[in-house]
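Letter by letter, the chains look like this.
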Amino acid sequence: MAGDEDVAQRDLMTLVVDDAGSVVATEVIWEPYRLLGADGEVVTAVAGYLQELQASGRSPATQRSYALDLLRWFRFLWAVGVPWAQATRCEARDFCRWLALVDKPRRSVAANRPTGVVNPVTGKRSPAGKYAPSTLAHSETVLRSFYAFHLEAGTGPIVNPFPLVRERAGGRAHAHHNPLEPFGHERVGRYRPRLAQRVPRRIPDERFNQIFAQLRSDRDRALVAFWVSTGARAAELLGVRGGDVDPGQQLITVVRKGSRAVQALPASVDAFVWLRLYQCSLGSSVPVGADDPLWWTSRGTPRPLTYHAARAMFMRANEALGANWSLHDLRHTAAYRMARDPLLPLCDVQWVLGHAHLSTTQVYLTPAPSEVIAEVMAHHRRLVEEAQARRQPGPPVAPGGGQYRPESLAALFERTAR
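An account of the accompanying structure is given in this report.

Rules behind the numbers
Residues numbered from 1 in each chain as written. Predicted model: local features only at pLDDT ≥ 70, side-chain atom pairs only at ≥ 80, totals over all residues. Heavy atoms only, no water. Pairing = 2+ DSSP bridges. Helix = DSSP H or I, 4+ residues; strand = E, 2+ residues; numbered from the N terminus. Buried < 20%, exposed > 50% of the residue type's maximum accessible area, 1.4 Å probe, protein only. Axes fitted to C-alpha atoms, helices over the stretch in contact; angles between N-to-C directions. Parallel < 35°, antiparallel > 145°, perpendicular 65-115°, else oblique. Contact = heavy atoms within 4.5 Å. Nonpolar A, V, L, I, M, F, W, Y, C, P; charged D, E, K, R; others polar. Phe/Tyr/Trp six-rings, centres within 6.5 Å; stacked < 30°, edge-to-face > 60°.

1. Notes on the sheet that holds strand β3 (residues 245-246)
Strand pairing in a sheet is mediated by backbone hydrogen bonds. Such pairs are either parallel or antiparallel.
Next up, step 1: Pairing is antiparallel in the open sheet, where three strands are placed in the order β3-β4-β5. Whereas interior strands pair on both sides, the edge strands pair on one side only; in this sheet they are β3 and β5 (262-266).
Next up, step 2: Pairing of strand β4 (residues 251-255) with β5 involves five bridges; the strand directions are antiparallel. If you follow Thr253 over to β5, its bridge partner there is Ala264.

Listed below in structure tokens is the structure:
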């Protein structure tokens, strides 16, 4: 294998990567997703890795996300003509360069939408034309884990093409971390990009009321009310069953995304009111058992409501206002509301949000950009008012610097009048 100083130079400008292969969903619980090659056959190396993820307790959504990252890698290898088991650090380096500079494939629906434009209502940028740094970091982590799995099993190259940084080559990240101190940002992969710390955006109260008024059904109002009062993730709330709702205790039980822990979350009274109105509107064909899904589609044959359908519902309400908030922004909004309440301890907010570390919850103590701008503008107005007050004329001053006594002025002018 070539070293770092003696590597072949590949012309990435003329490289054409075809959309060969695909990730397909199956009805088999033992193999929820498969990666198919250009010939339509299952890629066995990826199938074994996905089985390892399933055995490690990873959800089907995680398996799909990892399979999509692997599909981009295999498409690149097919384009350069290198088998996956013979990939070297040169291919890994060129792939990370190519992924950082190439344009993302765009669907026909979003082909005419502008990219990277700031929304005037929310202040959020629309998705850019390039892959985001978070996507590059996730891809590097997945591919390094994929080759680490085959390296341990003895079915891949003897050296991982995606190496650790030089100072971390001999050990794991955070190996000597003090548990009493917060985790620092340590780079693990050599080709992993640096990620900027982003402050979550919340939906202002007046804008939230406008979006809520655009919702078309009691089901949609109940969903949004639960999202903004519990802080649950979109998929967590959509997976709720009929027996997971306890209106008497004002609780709704969800399964956490990462830990898969079952947790009861308190919700607002309004959320349960909208939920009851939605349940009263359901037809007799919709099952309402304790093990049946709580949320159903409202058109055609009733089917369990999926994330994509719920996202489309929220996007329609957004479009009426010209906004581009997402379902996850509802979680940020709930977190900001709870974290800003002086009577609610931050450790309680951490428990509700399901954060493993308190430092993750502390980010919601950071003021929103709009709030900072408003406070600074008010500061400038106060400075102007104070300067104007200092320039206002005071009472008449004598040439010597003192002031005339009122009784002396009265006696003087009285004599003059006589």
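2. Describing the environment of Ala213
Next up, step 1: Locating Ala213 in the fold gives a position in helix α5 (residues 205-214).
Next up, step 2: In this structure Ala213 comes out as exposed when scored by relative accessible area, which is 61%.
Next up, step 3: Considered as a pair, Ala213 and Ala317 are 104 residues apart in the sequence and their alpha carbons are 8.5 Å apart.

3. Here's the deal with the packing of helix α2 (residues 60-80) against helix α4 (residues 133-153)
Next up, step 1: The contact between α2 and α4 brings their axes to 9 Å, and the two run at 85°. Comparing the axis directions of α2 and α4 gives the class roughly perpendicular. Of the residues in α4, those touching α2 at Ser65, Tyr66, Asp69, Leu70, Arg72, Trp73, Phe74 and Leu77 are Thr135, His138, Ser139, Val142, Leu143, Phe146 and Tyr147.
Next up, step 2: Tallied by class, residues from the contact of α2 with α4 come to nine nonpolar, four polar and two charged.

4. Looking at the packing of aromatic side chains
Next up, step 1: Scanning the entire structure with this criterion turns up 22 aromatic pairs.
Next up, step 2: Ring geometry for Phe76 against Trp98: centres 5.7 Å apart, planes inclined by 40°, an arrangement best described as tilted. On the criterion of sequence distance, the pair formed by Phe76 in helix α2 and Trp98 in helix α3 (residues 89-101) is long-range, its members being 22 residues apart.
Next up, step 3: Relative accessible area serves as the criterion here: at 0%, Phe76 is assigned to the buried category.
Next up, step 4: Among the residues examined, Trp98 registers a relative accessible area of 14% and is labelled buried.

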